[in-house]
Amino acid sequence: MSDKTNPKTAPTPNSNAEKNPEEWVSGDDPMTGAQASYLKTLSEECGDPNAFDPGLTKAEASKRIDALKAKRERGA
């Protein structure tokens, strides 16, 4: 048996599929259109329109999206 694992077919907890946004190579780039749209929707759903800021970076937007999703799941 080979010890080589293809992370695309057999991801592990240590896989590179999910990285901390702080470690993203493109984390300082402006957020994507998809992120902006989703963040806008989430901010409205959570009753927190100030959570949307068009000047966020990809990493900042990702963290804010995660926080709003958690808030929505808690029902807060």
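Here, every reference points to the structure presented above.
From a predicted model like this one, the values you see are computed outputs, not experimental measurements.

A. Quick peek at the nonpolar core. Counting ten residues, the largest nonpolar core consists of Met31, Ala36, Leu39, Leu42, Cys46, Ala51, Leu56, Ala61, Ile65 and Leu68. Those elements giving two or more residues to this core turn out to be helix H1 (33–45) and helix H2 (58–74). Once residues lying within four places of it in the same chain are set aside, the contact partners of Leu68 are Leu39, Leu42, Ser43, Cys46, Asp48 and Ala51.

B. Inspection of the pattern of salt bridges at higher detail. Evaluated as defined, the whole model comprises two salt bridges. We note a salt bridge from Glu44 to Lys40, for which the minimum N-O separation is 3.8 Å. With a gap of four residues between them, Glu44 and Lys40 both fall in helix H1, about one helical turn apart. Residue classification places Lys40 among the partly exposed positions, given a relative accessible area of 37%. Across the salt bridge formed by Glu45 and Arg72, the nearest N and O atoms sit 2.9 Å from each other. With Glu45 in helix H1 and Arg72 in helix H2, the pair connects residues that are 27 residues apart, well separated along the chain. Residue Glu45 is classed as partly exposed on the basis of its relative accessible area, which comes to 48%.

How each quantity is defined
Residues numbered from 1 in each chain as written. Predicted model: local features only at pLDDT ≥ 70, side-chain atom pairs only at ≥ 80, totals over all residues. Heavy atoms only, no water. Core = buried A, V, L, I, M, F, W, Y, C linked by side-chain atoms within 4.5 Å. Buried < 20%, exposed > 50% of the residue type's maximum accessible area, 1.4 Å probe, protein only. Helix = DSSP H or I, 4+ residues; strand = E, 2+ residues; numbered from the N terminus. Contact = heavy atoms within 4.5 Å. Salt bridge = Lys/Arg side-chain N within 4 Å of Asp/Glu carboxyl O.

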